Amino acid sequence: MCRNITTLRGLVPPATEEEVEAASRQFVRKVTGIQRTSAATEEPFERAVSEIQEIVARLLDELPERRQPPPTVPPLRREEVRARIAAREAAEREHERAHALGLAHSHDDAEEDAPTARTAGV
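Residues numbered from 1 in each chain as written. Predicted model: local features only at pLDDT ≥ 70, side-chain atom pairs only at ≥ 80, totals over all residues. Heavy atoms only, no water.

**Q** Looking at this structure, how should I read a nonpolar patch on the surface?
**A** A contiguous nonpolar surface patch, about 220 Å² in accessible area, is contributed by Ile5, Phe27 and Val31. In this fold, Ile5 is placed in the segment before helix 1 (17–32). Ile5 gets classed as partly exposed once you look at its relative accessible area, which sits at 31%. (Patch = residues over 30% accessible without salt bridge, like charges linked within 9 Å, V, L, I, M, F, W, Y side chains within 5 Å. Areas by Shrake-Rupley, 256 points an atom, 1.4 Å probe, with all protein chains shown as cover. Salt bridge = Lys/Arg side-chain N within 4 Å of Asp/Glu carboxyl O. Helix = DSSP H or I, 4+ residues; strand = E, 2+ residues; numbered from the N terminus. Buried < 20%, exposed > 50% of the residue type's maximum accessible area, 1.4 Å probe, protein only.)

As structure tokens, this is what we get:
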């Protein structure tokens, strides 16, 4: 159904809460067609992500060990993805700092439209 959801069962070390949340979020995005939540969709969307995350975590705990590891490395374990997320988070922190200090700064459309870690499909 969705090629962006990565196999989490059998990872060494086991899938992290962050990886399970990312897969759950991608699943909810796919089945709802919602890429960015609005005031009307945020609460049910986030509730669905949370519920699916709990179900996936429980399922992964209950399944037997895999005989072979998954064939692909999850995005959140890839160096280039981690670096991209770290850079985006640093830019967001700097932007918030500029607001807090009342410093002049721009609000580029690219910055506003840039996906966050929650919406990046990682």
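**Q** When you look at the environment of Gln26 in this model, what are you seeing that I'm missing?
**A** With respect to the element layout, Gln26 can be found in helix 1. Of the residues examined, Gln26 reaches a relative accessible area of 8% and is grouped as buried. Taking the C-alpha atoms as reference points, Gln26 and Val49, 23 residues apart in sequence, are found 8.8 Å from one another.

**Q** Can you help me understand the pattern of salt bridges in this one?
**A** A full pass over the atoms with the stated rule returns four salt bridges. Among the ionic pairs, Arg25 bridges to Glu21, the shortest N-O distance being 2.6 Å. Placement of both Arg25 and Glu21 in helix 1 is noted, with a separation of four residues, approximately one turn of the helix. Each member of the pair, Arg25 as well as Glu21, carries the same accessibility label: buried. Note that Arg97 is salt-bridged to Glu94, the shortest N-O span being 3.1 Å.

**Q** Any chance you could explain helix 1 here in plain terms?
**A** An α-helix turns once per 3.6 residues; consequently, residues spaced three or four apart project the same way. Here helix 1 spans 22 Å end to end across 16 residues, near enough to the 22 Å set by a 1.5 Å rise per residue. Residues of helix 1 that are buried include every one of Glu19, Val20, Glu21, Ala22, Ala23, Ser24, Arg25, Gln26, Val28 and Arg29, and no others. Of the surrounding elements, those touching the buried residues of helix 1 are helix 2 (42–62). Phi turns positive one or two residues past the end of helix 1, at Gly33, with a value near 80 degrees. (Expected span 1.5 Å × (residues − 1). Contact = heavy atoms within 4.5 Å.)

Coordinates in, geometry out; function isn't part of it.
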